[in-house]
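Residue-level listing of the chains:
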Amino acid sequence: MTTPILEARDVWRSYQRGAETIHALAGMSLTVQPGEMVGIVGRSGSGKTTFLNQVGCLDTPTKGTITLCGTDVTGMPEKELVAFRRDHIGFIFQLFYLIPTLTAVENVELPMIFARERDRRARAREALARVGLSEIHALPHQLNGGDMQRVAIARALVRKPRLLLADEPTGRLEHGARVAIMEIFRGLRAEGLGIILVTHDPTLAAETDRIIELRDGRIVDERKAG
Amino acid sequence: MAEAAVDQTATPVAEASGLGKIYRRGAEEIHALREISVAFAPGAFSCVLGPSGAGKSTLLNLLGVMDVPTAGTLRVAGATIAEGGRLRLSEGGRDKLRRENIGFIFTEFFLLPTLTAVENVQLPLLWADKDDRAYAAELLERVGLGHRLTHRPTEMSGGEMQRVAIARALINRPRLLLADEPTGNVDTTTRDGIFDLFRELNADGLTIVLATHDRELAARMDRVVHVREGRVVEETA
């Protein structure tokens, strides 16, 4: 049997606000297999981003376990966790978060710098070719939104992660760019990446293998997409 | 706050003469800047004031070597970028000049959400294969965030994120700090705190050019360059 890329079991994330306890996540469980694209929908505040932060090792659950590629990361020491995250997970955000003073190819090199890896330029070029961007020396302000997101996707892919977490990746894009980004995701899924896509965009959600709907930190519906 | 001594006879950190920028959109030509002649002396704290669309960001992008002019002469940090509308510095040369001499701050903070404050500050240096975590930490201390080194952007307020962005802009010990509407995303109290920080950095000798449409903020600066429809229409000191 194939090892799932993600197994989240009964994940809780609770915050204390004064005397009150707020459960941003209240018992979330989700399994993602290699080559599977899962859509997460739900209103603002339903727990979507909090869940991505737990799965992406950017935050620690109050309760529950998260297993990534067969490794239980719950309770892993911070330093190890950061290294694990950098090796296994790619992040894509709505606002791209490109460094405006660095060119496209330089932005893609960033994750390799932190991992102290070699052949940075060649690998960054390869990642940009894969997402179809030719203006590799352009600065972000010289690119349109769709191309900025291509750069951000190339940056997320350059260290060959197993799991891609995308938080409203097409939220700021026009129709044409949304279609192109979705095409890239389809290709990545075919290559065996696990993808979790948080989105408000019904067209995008329809492209996923299944959609889970969150409300108050819980799954309230799960359905086949399309 | 003491003001930095400004020597107007010294070679300017950035100097434009007859500077122009035309963008082409299909058959249409958009004149973003026309005939701009302006100089920024070492240690000066200058404001570029104008309404949205006046050409402020285009001017800052040229001064910061993020874009190239289509007319005129531009010198930055001792290098000639363009002369009489002709480029004098290669793309690689411009990248190097920008990386070594310019600090840039924007309305949006552009911090990487997966990195801590100190890692975000280190980024520009790491890119050049240098590593100086101690200096990054010192800069965060300098902007009042010594207690937030290992926090990530999502754990911070807007004002704190902008302070991290300022520390990041300082990591290469820039000769010129360019700030494009740096307080456009924060409330007035936070704005005043950020502005005080710029004042302190200028008092330490840093040359700063700040672009804004905020007249109240402009009134607090040594020198104001008024820009409208791509031209400098007035200069006040």
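Reading the values: rules and limits
Residues numbered from 1 in each chain as written. Chains lettered and ligands numbered in written order. Predicted model: local features only at pLDDT ≥ 70, side-chain atom pairs only at ≥ 80, totals over all residues. Heavy atoms only, no water. Helix = DSSP H or I, 4+ residues; strand = E, 2+ residues; numbered from the N terminus. Polar contact = N/O pair within 3.5 Å; in protein donor to acceptor, adjacent residues only side chain to side chain. Pairing = 2+ DSSP bridges. pLDDT = per-residue confidence, 0-100. Phe/Tyr/Trp six-rings, centres within 6.5 Å; stacked < 30°, edge-to-face > 60°. Buried < 20%, exposed > 50% of the residue type's maximum accessible area, 1.4 Å probe, protein only. Contact = heavy atoms within 4.5 Å. Buried area = accessible area lost by both parts, 1.4 Å probe. Salt bridge = Lys/Arg side-chain N within 4 Å of Asp/Glu carboxyl O. Nonpolar A, V, L, I, M, F, W, Y, C, P; charged D, E, K, R; others polar.

Quick word on the side chain of Thr-199 of chain A
For Thr-199 of chain A, the location among the structural elements is in the loop between β8 (194–198) and α7 (202–206). A polar atom in the side chain of Thr-199 of chain A sits 2.8 Å from the backbone nitrogen of Asp-201 of chain A.

Examining the pairing of strand β4 (residues 71–76) of chain B
Residues and elements named next belong to chain B. The pairing of strand β1 (residues 14–25) with β4 spans five bridges and is classified as antiparallel. Its bridge partner lying in β4, Ala-16 is registered against Leu-74. Hairpin connection, β4 to strand β5 (residues 79–83): the antiparallel pair is bridged by two residues, and Ala-77 has positive phi, about 50°.

A short note on the confidence of the model for chain A
Scored by pLDDT, chain A comes out at a mean of 93, with 100% of its residues at no less than 70. In the model of chain A, α7 of chain A stands out as the element of lowest mean pLDDT, 85, in contrast to strand β4 (residues 63–68) of chain A, which has the highest, 97.

Examining the packing of aromatic side chains
Inspection of the entire model under this criterion finds five aromatic pairs over all chains. Look at Phe-91 of chain A and Phe-93 of chain A: their rings are 6.0 Å apart centre to centre, the planes differ by 0°, and that puts the pair in the stacked class. In terms of burial, Phe-91 of chain A and Phe-93 of chain A fall into one category: buried. Aromatic pair Phe-45 of chain B and Phe-195 of chain B: ring centres 5.7 Å apart, planes at 25°, arrangement stacked.

Quick word on the sheet that holds β4 of chain B
Residue and element names in this part refer to chain B. Spatial strand order, β2-β1-β4-β5-β6: five strands in an open sheet with antiparallel pairing. The open sheet terminates on both sides in strands that have one partner only, identified here as β2 (28–40) and β6 (86–87). Here β4 pairs with β5 via three bridges, running antiparallel. Its bridge partner being in β5, Val-76 is matched across the sheet by Ala-79.

Considerations on the sheet that holds strand β2 (residues 20–32) of chain A
All names here are of chain A. Taken in spatial order, the four strands make up an open sheet running β2-β1-β4-β5, and their pairing is antiparallel. Because the sheet does not close on itself, it has two edges, and the strands there are β2 and β5 (71–72). When strand β1 (residues 6–17) meets β2, the two strands line up antiparallel, connected through 10 bridges. Bridge pairing links Glu-7 to Thr-31 in β2.

Notes on the confidence of the model for chain B
All names here are of chain B. When pLDDT is averaged along chain B, the result is 92; 98% of the residues meet or exceed 70. The spread of mean pLDDT over the elements of chain B runs between helix α3 (residues 117–127), the lowest at 89, and β4, the highest at 98. Model confidence for the complex: the whole-complex pTM is 0.88, and ipTM, which rates the interface, is 0.83.

Topic: unusual backbone geometry
Residue and element names in this part refer to chain A. The backbone phi angle of Cys-69 is positive, close to 50°, even though this residue is not glycine. Take Cys-69: it is sitting in the loop between β4 and β5. Since its relative accessible area comes to 21%, Cys-69 is described here as partly exposed. Of note in this structure, Asp-216 is not a glycine but carries a positive phi near 50°. A relative accessible area of 54% means that Asp-216 is categorised as exposed.

Quick word on the interface of chain A and chain B
Contacts between chain A and chain B engage 28 residues on the former and 23 residues on the latter. The contact between chain A and chain B buries some 2300 Å² in all, and 61% of this surface belongs to carbon and sulfur atoms. The tally of links between chain A and chain B comes to two salt bridges. Glu-106 of chain A is the salt-bridge partner of Arg-99 of chain B, the closest N and O atoms lying 2.3 Å from each other. Applying the counting rule to chain A against chain B returns six residue pairs in polar contact (both at pLDDT 80 or more). Going through the elements one at a time, α2 (78–88), β6 (89–93), α3 (104–114) and α4 (120–130) of chain A are the ones with two or more residues in the side of chain A that touches chain B. Examining the composition of the side of chain A that touches chain B, we find that five residues originate from one element, α3 of chain A, more than from any other. Among the residues making up the side of chain A that touches chain B, the classes are represented as 13 nonpolar, five polar and 10 charged.

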